[in-house]
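Here is how the chains run, residue by residue.
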Amino acid sequence: MGMSALQTSDPEIWSFLQEETERQTASIELIASENYTSPAVLEALGSIFTNKYAEGLPGKRYYGGNQVVDKLESTCMQRALDAFHLNGEEWGCNVQPYSGSVANMAVYLGLLKPHDRIMGLDLPSGGHLSHGYMTVNRRISGASVYYESIPYKVDANGFLEYDKIEELALTVKPRLIICGGSAYSRDWDYKRFRVIANKCGALLMADIAHISGFVATGLLANPFEVCDVVTTTTHKTLRGPRSAIIFFRKQYSQQINDAVFPGLQGGPHMNQIAAVAVQLKEVMTPEYKQYMKQVHENAKVLAECLKLHGFTIVTGGTDNHLFLVDIRSKGINGSLGERILEHVGISVNKNTIPGDSSALVPSGIRIGTPAITTKGYTPEHMPNLAKLINDAIDIAIDICKKCNIVKLKEFTEFLTSPSEYRSRLETLRKNVYEFGKIHKN
Ligand SMILES: Cc1ncc(COP(=O)(O)O)c(C=O)c1O
């Protein structure tokens with residue numbers, strides 16, 4: 001085969017692409033927010049639609065030459081409504097947000113005034129930065145700089161406490177209540193949130209970035225029945241390109257559309273919109289629904305298998321594609337857990353668990369199954385995967401105990417220097433790679 005255009009013009013970047021392809025092929029991807037998108041989506045994403053400027057909305061643009069991209073964006077919008085079974089009389093959507101955080105900021109910009117109060121799930125409880133995360137000393141996300149963020153939390157076992165959320169909302173009287181999170185393994189009672197929002201005069205938004213694949217396929221509760229606005233990313237369970245969609249009840253059309261452009265963004269990324277459209281078509285197939293069922297089955301079985309190895313699973317299991325493993329009981333923290341797993345070729349992320357006081361040294365790891373399910377793994381593979389994870393954590397425990405290591409920096413240096421653990425680590429890494437290569441993308 002001849003050399004590709006990229007290989008010829010920029011061998012350095014081309015070589016990074018080869019390395020990353022190898023990493024994605026051979027390693028085991030358990031990061032709950034990642035997935036492997038399809039060749040068709042990649043083709044649309046890497047297409048000449050990237051050359052086009054199209055500020056505005058279909059039929060109302062600020063540039064010429066939009067004959068084709070107007071059709072493209074309208075198709076994408078229609079597919080978005082169809083994929084989530086929405087009636088176009090009641091619901092509109094905007095497919096231009098560059099990504100999830102910007103989509104959320106656009107909702108706030110459109111519906112709130114500066115310093116209005118917002119109430120979302122706290123980040124250490126499984127919420128997302130863009131729902132207004134702040135610490136005692138610092139307003140960390142833009143949402144907490146421009147709005148007054150008063151978050152709700154999960155209880156000691158990791159569950160939402162609806163009575164407490166109601167109590168807080170009635171005291172705080174927020175303008176906006178946000179449901180949804182990045183590390184919450186249970187379904188959401190949107191109807192209860194609606195009752196709470198009505199009692200305190202708040203608007204209700206659901207950010208279904210993580211679980212939109214389940215919502216589209218009817219496998220989890222439907223926020224559209226009661227929410228005013230729903231946002232989602234398109235690259236997690238939905239398995240599309242990195243992008244986002246805002247769905248809104250028709251009375252908010254102008255506020256939201258104006259907030260996306262010209263409020264926050266400039267020209268839409270038409271190549272992203274093309275790729276989102278391609279993926280939305282796939283989301284409406286029976287195969288995709290089957291995929292989402294398998295994602296959940298894999299998560300449920302993997303959590304059970306890890307319990308058999310003595311791990312504690314926050315909330316005891318999962319209703320969706322992810323769960324949190326409390327590794328405190330094993331005697332190491334989430335940062336060391338994430339590092340040892342990465343060292344042997346398993347990608348997860350450290351995560352706070354209920355009761356953690358520091359987001360910097362969290363006690364848990366978050367595990368998700370969308371990516372491995374796309375690769376073709378099924379529940380039968382989960383006992384082996386749980387064993388590989390357990391073997392890695394066991395080595396970390398041994399190292400920490402015998403060598404008296406507690407700090408991540410020391411631990412990382414230890415992993416890469418010669419030691420009595422080298423052959424155990426090498427064998428495990430080989431086993432992980434063998435397991436990772438069973439299914440190629
Ligand atoms: C619930 C939730 N909302 C929003 C986002 C932000 O998405 P992005 O990283 O595309 O800005 C994320 C990302 O992880 C998320 O989990």
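Residues numbered from 1 in each chain as written. Predicted model: local features only at pLDDT ≥ 70, side-chain atom pairs only at ≥ 80, totals over all residues. Heavy atoms only, no water.

Draft legend 1. Expanded view of the overall build of the protein chain. For the protein chain, the count of helices and strands is 17 helices and 15 strands. Across its three principal axes, the protein chain shows a C-alpha extent of roughly 65 × 65 × 40 Å. Relative to its 441 residues, the protein chain shows a buried fraction of 56%. About 19,300 Å² of surface is accessible on the protein chain, with carbon and sulfur atoms providing 54% of the total. Taken as two groups, the 46 positive and 46 negative side-chain charges of the protein chain have centres that lie 1 Å from each other. (Helix = DSSP H or I, 4+ residues; strand = E, 2+ residues; numbered from the N terminus. Buried < 20%, exposed > 50% of the residue type's maximum accessible area, 1.4 Å probe, protein only. Areas by Shrake-Rupley, 256 points an atom, 1.4 Å probe, with all protein chains shown as cover. Lys, Arg positive; Asp, Glu negative; His and termini not counted. Charge placed at Lys NZ, Arg CZ, Asp CG, Glu CD.)

Draft legend 2. A look at the site of the ligand. The full set close to the ligand counts 13 residues, and S99, S101, S182, D207 and K236 are the nearest of them. A distance of 2.8 Å is found between an oxygen atom of the ligand and a side-chain nitrogen or oxygen belonging to S101. A distance of 2.6 Å separates a nitrogen atom of the ligand from a polar atom in the side chain of D207. A per-element tally of the shell around the ligand places helix α5 (residues 100–111) first, with three residues. Residue composition of the shell around the ligand, grouped by class: one nonpolar, ten polar and two charged. (Near = heavy atom within 4 Å. Polar contact = N/O pair within 3.5 Å; in protein donor to acceptor, adjacent residues only side chain to side chain. Nonpolar A, V, L, I, M, F, W, Y, C, P; charged D, E, K, R; others polar.)

Draft legend 3. Up close: the environment of V68. Following the sequence through the fold, V68 ends up in helix α4 (residues 67–83). Assessed through its relative accessible area of 48%, V68 is described here as partly exposed. It is 29 Å that separates the C-alpha atoms of V68 and P286, two residues lying 218 residues apart in sequence.

Draft legend 4. Structural context of the packing of aromatic side chains. Taken as a whole and assessed by the stated rule, the structure comprises 14 aromatic pairs. Centroid distance Y62 to F261: 5.6 Å. Interplanar angle 65°. Geometry classified as edge-to-face. With Y62 in the loop between β3 (60–61) and α4 and F261 in helix α10 (residues 253–264), the pair connects residues that are 199 residues apart, well separated along the chain. Every member of this aromatic cluster is reached through a ring pair, and the members are Y152, Y162, Y184, W188 and F193. Lying across the ring of Y291, R239 places its NZ or CZ 3.9 Å from the centre. The cationic tip of K330 hangs over the ring face of F311; the distance from NZ or CZ to the ring centre is 4.4 Å. (Phe/Tyr/Trp six-rings, centres within 6.5 Å; stacked < 30°, edge-to-face > 60°. Lys NZ or Arg CZ within 6 Å of the ring centre and 35° of its normal.)

Draft legend 5. Local environment of the domain arrangement of the protein chain. The domain architecture assigned to the protein chain consists of domain 1 (45–283) and domain 2 (289–437). Relative to domain 2, the C-alpha centre of domain 1 lies at a distance of 30 Å. Taken together, the contacts link 24 residues of domain 1 with 24 residues of domain 2. Of the roughly 1,900 Å² buried where domain 1 meets domain 2, counting both sides, 60% is carbon and sulfur surface. (Domains from an automatic or database assignment. Contact = heavy atoms within 4.5 Å. Buried area = accessible area lost by both parts, 1.4 Å probe.)

Draft legend 6. The sheet that holds strand β9 (residues 229–233), seen in detail. With respect to topology, seven strands assemble into an open sheet ordered β4-β10-β9-β8-β7-β5-β6, the strand pairing being mixed. This sheet does not close on itself; its edge strands, each paired only once, are β4 (91–94) and β6 (148–149). Where strand β7 (residues 176–179) lies against strand β8 (residues 203–207), four bridges are found, and the strand directions are parallel. Paired with I177 across the two strands is L204, which belongs to β8. Helix-sheet contacts for α5 involve β7, β8, β9 and β10 (244–249), and the interaxial angle to β9 is about 160°. (Pairing = 2+ DSSP bridges. Axes fitted to C-alpha atoms, helices over the stretch in contact; angles between N-to-C directions.)

Draft legend 7. Representation of the pairing of β8 in the model. With five of five residues buried, β8 lies mostly within the body of the structure. Residues of β8 alternate between two faces, with L203, M205 and D207 on one and L204 and A206 on the opposite face, all of them buried. With respect to chirality, the unit in which β7 leads through helix α8 (residues 190–200) into the neighbouring parallel β8 is right-handed. Summarising the sheet, β8 and β9 pair through three bridges and their orientation is parallel. Considered in β9, the bridge of D207 is made with T231. (Right-handed = clockwise from strand over helix to strand, strands pointing away.)

Draft legend 8. Structural detail: the packing of helix α13 (residues 334–343) against helix α15 (residues 382–403). Two elements in contact, α13 and α15, have axes whose closest approach is 9 Å; the angle formed by their N-to-C orientations is 120°. Here α13 lies oblique to α15, going by the angle between them. The chirality of how α13 crosses α15 is right-handed. From α13, L336, G337, I340 and L341 reach across to α15, where they touch I389, A392, I393, I395, A396 and C400. Taken together, the residues of the contact of α13 with α15 sort by class into nine nonpolar, one polar and no charged. (Parallel < 35°, antiparallel > 145°, perpendicular 65-115°, else oblique. Left-handed = near helix turned anticlockwise from the far one by under 90°.)

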